[in-house]
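A closer look at the structure
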Amino acid sequence: MKKAEKIKKTLKETKGKRKNQVGKVYQIKLQNLSKQDEENLNRLFLEAKWLYNYIVADIKNRLNSTAWKLKEVKIKTPKEIEKREIKTLSSQMRQGIVDRIKHSLKALRKAKEKGLKVGKLQFKSEVRSIPLKQYGITYKISRDRNRVKIQGIKKKFRVLGLHQIPQNTEIANGILVKKSSGYYLYVTCYLPKNEVVEEIRRNRIPKAVGIDLGIKDQLTLSTGEKISWYIPETGRIKKLQKRLLKKQKGSNNYRKIKFLIQKEWEYIQNKRKDTLNKVVSHLKKFCLIAVQDDPIKSWHEGLFGRQVQNTGIGGITARLRNLATLIPVVFVDRYTPTTQTCSKCGNRQKIPLSERVFKCEVCGFELDRDWKSAIEILKEGLRKIKGEGKLLKTLPVDCGEVKPVERATALVEAGSLPLKW
Ligand SMILES: [Zn+2]
């Protein structure tokens, strides 16, 4: 009981501390791996898989309070049941894997409650990430020597990327990840919130912005800026996929090509992520963001699925939600008729998808369809915060145009657009 109380207290303290911090994850690459290093790491991931599958095979009996103490598990091979020793995977790592199974079960239960059809937890043919729960125990960073120590492996790893981690940061949990391009350590760091906010403030544009998320131009801002990118699958990946079809499943050649495909995928994903980062850091400069609440899901299902995937734009709403802890982000209901409303006279009219320019039948106002939509989203966002005193309080004081929200809204409503914004 005493121990449980202690844990509870620490958790509460951490929670309090985190309120004034901002979490960020840094990717560190393990470098110059010797054959022995590779073997050690491989063993770690193998043991993680054995443990995971062993517990999943009989959750009722095996997912108990001593599951993390397991030193030996039984694995079913095509011929027989074999014993496997868990010797490299530390008890904290084992605990991390047990927790993961618990989390997955909880998620499944929740989905079931919602009425979704759910299956059982599946066996894994490969575990690609290992949770490193406590910094200082499961892993340790030595900055001056540019090395990382992983629990259970004696030799320290030389790494690339430590310079990204700021000095005044609190290092927390990590994840060890196996990718086709190598082994990585994802380090979660907590930075003092006031410093992060201060940095954002230094680069701030005293403007509020509305964002229209679209298919053709992914982002159209109420400032008139259009941001688009397209990072399709490479020709190489298509070629490799064709070659894969000709190989026998399970053969060495099959594996080789599959590995190359994974590597190429990783490269494309990285490019998309990188672009998204750049976009978000541009948006961060505005002192208020208004955006439609997740219209992307419905696109995925529709005609535009592939194009949406090719831009990785799906991640933008999630990123904006994160950003909302640092700057005010207003989510506007996705059914607000922002495309149909005239920005000058407020008249509503249908506009077919093929028409790129909005022409008001009543007052003659003309503007690029997405641009106009972004302006309407901003207006709706401002209208929304007018009713929410709480959000208003979080608005930065030096945000000239937004401070008196009424003034800003009035400006828009008076039709002095486009583009005081
Ligand atoms: Zn009009």
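Notes on the structure in this doc start here. Source: prediction; values computed, not measured.

For the protein chain, the helix and strand inventory stands at 13 helices and 16 strands. With 421 residues in all, the protein chain has 42% of them scored as buried. Considering only residue pairs separated by 6 or more positions, the protein chain has 66% of its internal contacts joining residues 24 or more positions apart. Accessible area of the protein chain: about 24900 Å², with a carbon and sulfur share of 51%.

Further remarks concern a positive patch on the surface. Where like charges cluster on the molecular surface, the positive patch consists of K238, K242, R243, K246 and K247. Note on placement: K242 falls in helix α6 (residues 235–246).

Let us now look at the coordination of the zinc ion. Taken together, the protein ligands of the zinc ion are C342 (SG), C345 (SG), C360 (SG) and C363 (SG), with distances of 2.3 Å. One can describe the donor arrangement at the zinc ion as tetrahedral, given that its four donor atoms subtend angles of 107 to 113° at the metal. Each donor residue of the zinc ion belongs to the same chain, with the gaps between them written as C-x2-C-x14-C-x2-C. Within this pair, whereas C342 is found in the loop between β14 (329–332) and β15 (357–359), its partner C363 is found in the loop between β15 and β16 (366–368), the two being separated by 21 residues in sequence. On the basis of relative accessible area, C363 is assigned to the partly exposed category, the value being 34%.

All right, on to the pairing of strand β6 (residues 147–150) then. By the bridge criterion, four bridges tie strand β5 (residues 139–142) to β6 in an arrangement that is antiparallel. Paired with S142 across the bridge in β6 is R147. Counted between consecutive antiparallel strands, the loop separating β5 from β6 contains four residues, among which N146 sits at a positive phi close to 60°. Relative to strand β7 (residues 157–160), β6 is paired through two bridges, and the arrangement is antiparallel. Paired with R147 across the bridge in β7 is R158. Where β6 hands over to β7, the hairpin turn is made up of six residues, of which G152 adopts a positive phi near 95°.

Right, let's talk about the packing of aromatic side chains for a bit. Enumeration according to the criterion identifies two aromatic pairs in this entry. The interplanar angle of 40° and the centroid separation of 5.7 Å between the aromatic rings of F45 and Y183 together place this pair among those described as tilted. Here F45, found in helix α2 (residues 35–57), pairs with Y183, found in strand β9 (residues 182–192); they are 138 residues apart in sequence, far enough to count as distant. Taking the relative accessible area as the measure of exposure, Y183 reaches 6% and is therefore buried. For the pair Y135 and Y139, a centre-to-centre distance of 4.9 Å together with 75° between the ring planes defines the contact as edge-to-face. A relative accessible area of 29% places Y135 in the partly exposed class. Here Y139 falls in the buried class, since its relative accessible area comes to 1%. For R321, the ring lying beneath its charged end belongs to F331, and the centroid distance is 4.3 Å. Sitting above the plane of the F358 ring, K372 keeps its charged end 4.6 Å from the centroid.

This part is about the environment of K344. Among the structural elements, K344 can be located in the loop between β14 and β15. It is 6.6 Å that separates the C-alpha atoms of K344 and F365, two residues lying 21 residues apart in sequence. Once residues lying within four places of it in the same chain are set aside, the contact partners of K344 are C363 and F365.

Every second residue of strand β2 (residues 72–76) is oriented toward a common face, the buried set being V73 and I75 and the non-buried set E72, K74 and K76. As judged from the five bridges shared by β2 and strand β3 (residues 81–85), these two strands associate in the antiparallel manner. Paired with V73 across the strands is R84, a residue of β3. Adjacent in sequence and paired antiparallel, β2 and β3 are bridged by four residues.

Reading across the sheet, the five strands line up as β12-β11-β10-β13-β14 and stay open at both edges, with mixed pairing between neighbours. The outermost strands of the open sheet, each flanked by one partner alone, are β12 (226–227) and β14. Taken together, the two bridges between strand β11 (residues 219–221) and β12 define a ladder with antiparallel strand orientation. The residue of β12 that forms the bridge with T220 is K226. Lying on the sheet, helix α11 (residues 369–386) is in contact with β10 (205–213), β11, β12, β13 (286–292) and β14; it crosses β10 at an angle near 115°.

Opposite charge on two side chains permits pairing when their charged atoms draw close. For the structure shown, the criterion picks out 17 salt bridges. The partner of D368 in a salt bridge is K226, and the shortest N-O contact between them spans 3.1 Å. Here D368, found in strand β16, pairs with K226, found in strand β12; they are 142 residues apart in sequence, far enough to count as distant. Among the ionic contacts, a cluster of salt bridges with common partners joins K226, R356, D368 and D370.

How each quantity is defined
- Residues numbered from 1 in each chain as written.
- Predicted model: local features only at pLDDT ≥ 70, side-chain atom pairs only at ≥ 80, totals over all residues.
- Heavy atoms only, no water.
- Helix = DSSP H or I, 4+ residues; strand = E, 2+ residues; numbered from the N terminus.
- Buried < 20%, exposed > 50% of the residue type's maximum accessible area, 1.4 Å probe, protein only.
- Contact = heavy atoms within 4.5 Å.
- Areas by Shrake-Rupley, 256 points an atom, 1.4 Å probe, with all protein chains shown as cover.
- Patch = residues over 30% accessible without salt bridge, like charges linked within 9 Å, V, L, I, M, F, W, Y side chains within 5 Å.
- Salt bridge = Lys/Arg side-chain N within 4 Å of Asp/Glu carboxyl O.
- Lys, Arg positive; Asp, Glu negative; His and termini not counted.
- Charge placed at Lys NZ, Arg CZ, Asp CG, Glu CD.
- Donors = N, O, S within 2.8 Å, 3.2 Å for Na, K, Ca; no water.
- Tetrahedral: all angles 85-135°; square planar, octahedral: opposite > 155°, others 65-115°.
- Pairing = 2+ DSSP bridges.
- Phe/Tyr/Trp six-rings, centres within 6.5 Å; stacked < 30°, edge-to-face > 60°.
- Lys NZ or Arg CZ within 6 Å of the ring centre and 35° of its normal.
- Axes fitted to C-alpha atoms, helices over the stretch in contact; angles between N-to-C directions.

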